[in-house]
Amino acid sequence: MVKISPSVLTADFLNLDNDIKQLENAGVDMLHLDVMDGIFVPNISFGVPIIKSIRKHTSLPLDVHLMIDRPHRYIEQFAQVSDILGFHFEAGSDNEATLKKIRNLGCKSCITIKPCTKAQDVFNLLDYCDMVLVMSVEPGFGGQKFMPMALEKLTALKNECERRNLKIDLEVDGGINAQTAPLAVNSGANVLVAGNYIFSADDMAQRVREIKSF
């Protein structure tokens, strides 16, 4: 079954409580929270205090995506407010140790790869992952166009997980809509991050049902 993880990056934060309630009623599976530091990516978003506030107002699992430099420095703080905690392969120093630490702190672990990174680069880390996030846009900004190169990465990861009998969620983030969602699912993704496509809609629930049906 396809899981939907709406990204709040493009949401209206003054109306976020109401939007989250609508998403809960629409049957989304989690919320995707993009943490950006202005160093690893050329944008700044929010940190632990905002995520802590969001947690108070929803029972949905929080899928926290760290787009920050040297993420191992902040794992303990973010683990306190996350259900799934992911960071970028390209930003870490000892990725295996960081993934293990995330699990030891009680969170599901996720490694994320940018469009320039090959799926094969993280094969040696799959034993320590509960999820792998494939970026289908350059990380840092919402509303970008889907990059088809993500599809072959999803297929490669799916095949490797099946070969090793690993039960890992495969998540895709960037440019997900009614046209790209089925392509991603057919390539192996079972978790779809959608931000602008959901939050820009007059009927968010309809958009969720639309892409959840693939």
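Residues numbered from 1 in each chain as written. Predicted model: local features only at pLDDT ≥ 70, side-chain atom pairs only at ≥ 80, totals over all residues. Heavy atoms only, no water.

### Here's the deal with the overall build of the protein chain
Condition: Strands are runs of DSSP state E lasting at least 2 residues, helices are runs of H or I lasting at least 4, and numbering of each runs from the N terminus. As defined in this context, the radius of gyration uses C-alpha atoms, and a globule is described by 2.2 Å times the residue total to the power 0.38. In this scheme, a residue with accessible area under 20% of its type's maximum is buried, one over 50% is exposed, and one in between is partly exposed, where area comes from a 1.4 Å probe on protein chains only. Here the open area of atoms and residues is found with the Shrake-Rupley method and a 1.4 Å probe, where only the protein chains shown may cover a residue.
Helix and strand counts for the protein chain come out as 8 helices and 8 strands. For 214 residues, the compact-globule estimate of 2.2 N^0.38 gives 17 Å, and the C-alpha radius of gyration of the protein chain, at 16 Å, lies within 12% of that figure. When its C-alpha atoms are laid out on the principal axes, the protein chain stretches across 45 × 35 × 30 Å. A buried classification covers 54% of the 214 residues belonging to the protein chain. With the model as given, the accessible surface of the protein chain reaches about 9,600 Å², and the carbon-plus-sulfur share is 48%.

### Here's the deal with the packing of helix H1 (residues 16-26) against helix H8 (residues 204-212)
To keep things clear, this is the line we draw: Under this scheme, a helix contributes an axis fitted over its contacting stretch, all axes are lines through C-alpha atoms, and angles between N-to-C directions fall in the 0 to 180 degree range. Working rule for angles: under 35 degrees goes down as roughly parallel, over 145 as roughly antiparallel, 65 to 115 as roughly perpendicular, anything else as oblique. Crossing handedness is read from the near helix: turned anticlockwise from the far helix by less than a right angle, it gives a left-handed crossing, and turned clockwise, a right-handed one. Residues are treated as being in contact if the distance between any of their heavy atoms lies within 4.5 Å. When residues are grouped by polarity, Ala, Val, Leu, Ile, Met, Phe, Trp, Tyr, Cys and Pro land in nonpolar, Asp, Glu, Lys and Arg in charged, and all others, Gly among them, in polar.
The interhelical angle for the contact between H1 and H8, taken along N-to-C directions, is 40°, at an axis separation of 9 Å. With respect to each other, H1 and H8 are oriented oblique. Between H1 and H8 lies a crossing whose hand is right-handed. Every residue of H8 that contacts H1 at Asp19, Gln22, Leu23 and Ala26 is listed here: Met204, Ala205 and Val208. Here the residues of the contact of H1 with H8 are counted per class, giving 5 nonpolar, 1 polar and 1 charged.

### Quick look at unusual backbone geometry
Located in the positive-phi region is Arg70, a residue other than glycine, with phi close to 45°. Relative to the elements of secondary structure, Arg70 occurs in the loop between strand E3 (62-67) and helix H3 (75-79). Overall, Arg70 belongs to the partly exposed group, its relative accessible area being 42%. Phi angles above zero are rare outside glycine, and Asn165 is one such case at about 55°. Tracing the sequence through the fold places Asn165 in the loop between helix H5 (149-163) and strand E7 (169-173).

### Description of the layout of surface pockets
How we decide: Throughout, the protein atoms alone are placed on a 1 Å grid, and a set of points is a cavity if a 1.4 Å probe fits but cannot get out or a pocket if it is open with protein on both sides within 12 Å along at least five of seven lines; lining residues have an atom within 4 Å of a point. Grid points are joined across faces, edges and corners, and a volume is the space filled by probe spheres set on the points.
By volume, the largest pocket amounts to about 360 Å³. For the largest pocket, the lining is made up of 25 residues, of which Gly142, Gly143, Gln144, Gly174 and Gly175 are closest to its centre. The class makeup of the residues in the lining of the largest pocket is 10 nonpolar, 12 polar and 3 charged. What the second largest pocket holds in volume is close to 190 Å³.

### Some words on the pairing of E7
Selection criterion: By this definition, two strands are paired if DSSP reports at least two bridges between them.
Taking burial as the measure, the 5 residues of E7 include 5 buried ones, the bulk of the element. Side-chain alternation along E7 places Asp169, Glu171 and Asp173 on one buried face and Leu170 and Val172 on a second face that is also buried. Here 5 bridges tie strand E6 (residues 131-135) to E7, and the two strands are oriented parallel to one another. Each residue of the ladder has a partner; that of Leu133, found in E7, is Glu171.

Keep in mind that these numbers describe shape and distance, not what the molecule does.
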